[in-house]
Amino acid sequence: MQQTEKYWNLINRIVLMAIILMACVGVVLAFTPKVRQMQEYQQTNDSLQQRIEVTVAAEQELKNKQRRFFSDPEFVEKVAHEVGYARNNETIFHFPEETGSY
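Positions within a chain are numbered from 1, following the residues in the order the chain's sequence is written. Predicted model: local features are reported for residues with pLDDT of at least 70 only, side-chain atom pairs are reported and counted for 80 or more only, and whole-chain, interface and lining totals are derived from all residues. Side-chain metrics in this entry use all non-hydrogen atoms of the structure; hydrogen atoms and water are not considered.

### Here we look at the environment of asparagine 12
Then step 1. What counts as a helix is a DSSP run of H or I of at least four residues, what counts as a strand is a run of E of at least two, and both are numbered from the N terminus. Note on placement: asparagine 12 falls in helix H1 (residues 2–71).
Then step 2. Given the relative accessible area of 46%, asparagine 12 is considered partly exposed.
Then step 3. Spatially, the C-alpha atoms of asparagine 12 and arginine 67 are 80 Å apart, while their sequence positions differ by 55 residues. Note on classification: 1.4 Å probe, protein chains only; a residue is buried when its accessible area is under 20% of the maximum for its type, exposed when over 50%, partly exposed between these limits.

### Quick word on the packing of H1 against helix H2 (residues 73–83)
Then step 1. Axis angles are defined between N-to-C directions and span 0 to 180 degrees, where every axis is a line fitted to C-alpha atoms and, for a helix, only to the segment in contact. Relative to each other, H1 and H2 sit at 110 degrees, their axes nearing to 6 Å. Compared by their axis directions, H1 and H2 come out roughly perpendicular. Of the residues in H2, those touching H1 at Lys65, Arg68, Phe69 and Ser71 are Pro73, Phe75, Val76 and Val79. Oblique is the label for any angle not covered by the other classes, which are roughly parallel (under 35 degrees), roughly antiparallel (over 145) and roughly perpendicular (65 to 115). Whether two residues touch is decided by their heavy atoms; if any such pair falls within 4.5 Å, the residues are in contact.

Shown next as structure tokens:
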């Protein structure tokens, strides 16, 4: 009698361990796609955040130029010359860029 109880206890423990192992494997398999999806979302978030930072920096640079346009006449003249405008008594020369060969 004791021998059969011993075997039944062993069988119950083995079955319980197998059920626990299957439950753990099931949980891992169920959450693996979600973890990958979250990593992809994090990468997308990081790249979008980087684009936002670049855009904000460009916006700040444009705002600074706009402020200078209203307050700095030398800056306005410099920009006008870069675009190709000149005063009546000025001549603007544009030189072609040289390549490395002579």
